[in-house]
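# Examination of the molecular architecture
Below, each chain spelled out in residue letters.
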Amino acid sequence: MKLHQKLRELSAAVAAEGGRLFVVGGWVRDIHLERMPGDVDCEVHLLRPERLMQLLNQEGAASKVGRSFGVYKWAVSGECFDIHLVESALSLEKSVEKAIERRDFCCNALLFDPLTDQVLDRVGGLADIEAGRLRAVHSSRFGEDPLRAIRGPRFAATLGFTMDAEAEELCRTQDLSGLPGERIWGEFYRILTGSFPERGWELLGELGLLQQLFPDCSALSSREVGTRLRWLRGAVPSLEPPGLVVVQLTLATVEASEPQLNQLFERLRLDRVEGVSLRRSMRGLRDWLQWVEVHGMGDEALLHLSEFCPVHWGVAVFSALKRTVDPVTLMERARILGVEQGPLPALLSGQDLLEVGVDAGPEVGRLLAKLRSRQLAGTIPDRMAALEWLERELSLD
């Protein structure tokens, strides 16, 4: 397996001291799935903390994370690795056994040895990868971290794997009340940005996890949400975060009331994703959908949409809800209208109003807003028409 040379060198140095280093978890799984692997996590066995720190600092810069956890951040050659020092045991065999027991699912309980280029598989993890199956490593220890209940649906969304009956029951019986919203949102984000988001979301509902997290919002568990996400994945494949997250959460909460939406924001500690305000964007889309219900989907709807978010976000939401509307046709119309990449440019500026004698202050904003409304309605198409309108408005005052 291709591995950073510095990790191989560290592995040899650890072995020379009587310890052993393994690459663990998702990296090993993803390599076998021929997926682009994520972060490289390592475990070091049978080594004293002070000696590990010395070895890490010989080649790079190491820092310990937290007070009670033996996790080190190791920055070397422009890369950063997580190195977890496993608690001491009498033998390597016992140390490895205890480390494997702490894992969540068997497909994540694989250890890669850089010294031998071999994978240690004590729980049938490789067979589970081939079968696309999620099995719990240790049923009595699964609940040590209740977040694993959400990680199951997350792997269904990101890997397309299916949980066995025991794993489903373990997830179903976890108490999520004590989990911080930030940790829950981290898993939700991975579900929404996974290759099969509808599988993850539907599983959250089937296991009762959405009901547990949001007891007053049964709409989140509707199977219709999964249908919308599935349609979106097939018909609008080009969405990327943060737009993908905004669109999917809007589709999941479109039937939710304002208090229920607030509950979701507060429980998950949601604010911004990649600089975009989720609350503002989702509320804007909800208001726009109500406007479309009254006025219909036409040019004016696309112009209004462009005022507060990228047009293709709203087109994706509307198309997934209706499913008889071609998003490509709507985006072509947006291109013709000139709003495919953003809102129409303003016909007049505040300076224009000041130059014709409008006093600085609220009146400038009122007139510009009134003009913008008419521009979006198509009754004032260009700057000349805007100046004529302004002249009439001022003559009436």
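The following refers to the structure shown. Small disclaimer: the values here were computed from a predicted structure and weren't measured. (Residues numbered from 1 in each chain as written. Predicted model: local features only at pLDDT ≥ 70, side-chain atom pairs only at ≥ 80, totals over all residues. Heavy atoms only, no water.)

## Re the pairing of strand β2 (residues 41-45)
The buried count for β2 comes to 4 of 5 residues, which makes it a mostly enclosed element. Here strand β1 (residues 20-24) pairs with β2 via 5 bridges, running antiparallel. Note that in β2 the partner of Leu21 across the bridge is Val44. In the sheet, β2 pairs with strand β5 (residues 79-85) via 4 bridges, with the strands oriented parallel. Its bridge partner being in β5, Asp41 is matched across the sheet by Asp82. (Buried < 20%, exposed > 50% of the residue type's maximum accessible area, 1.4 Å probe, protein only. Helix = DSSP H or I, 4+ residues; strand = E, 2+ residues; numbered from the N terminus. Pairing = 2+ DSSP bridges.)

## Topic: the packing of aromatic side chains
Evaluated as defined, the whole model comprises 7 aromatic pairs. When the centroid spacing of 5.6 Å and the interplanar angle of 70 degrees are considered together, the rings of Phe105 and Phe142 count as edge-to-face. Note that Phe105 is positioned in the loop between α4 (92-101) and β6 (111-113) and Phe142 in the loop between β8 (133-134) and α6 (148-159), a separation of 37 residues in sequence. Residue Phe105 is classed as buried on the basis of its relative accessible area, which comes to 0%. The exposure class of Phe142 is buried, given its relative accessible area of 1%. With 6.0 Å between their ring centres and 90 degrees between their planes, Phe105 and Phe155 make a pair best called edge-to-face. Residue Phe105 is found in the loop between α4 and β6, and its partner Phe155 is found in helix α6; the two are separated by 50 residues along the sequence. You can call Phe155 buried: its relative accessible area is 2%. Taken together, the aromatic side chains of Phe105, Phe142 and Phe155 make up a single cluster linked through ring pairs. (Phe/Tyr/Trp six-rings, centres within 6.5 Å; stacked < 30°, edge-to-face > 60°.)

## With respect to the pattern of salt bridges
Enumeration according to the criterion identifies 37 salt bridges in this entry. One salt bridge connects Arg122 with Glu93, and the closest N-O pair in it is separated by 2.8 Å. With Arg122 in the loop between β7 (118-120) and α5 (125-131) and Glu93 in helix α4, the pair connects residues that are 29 residues apart, well separated along the chain. Accessibility expressed as a relative area gives 43% for Arg122, which makes it partly exposed. Taken together, the salt bridges that share partners define one network made up of Asp104, Arg151, Arg154 and Glu187. (Salt bridge = Lys/Arg side-chain N within 4 Å of Asp/Glu carboxyl O.)

All we've got here are geometric facts, nothing functional implied.
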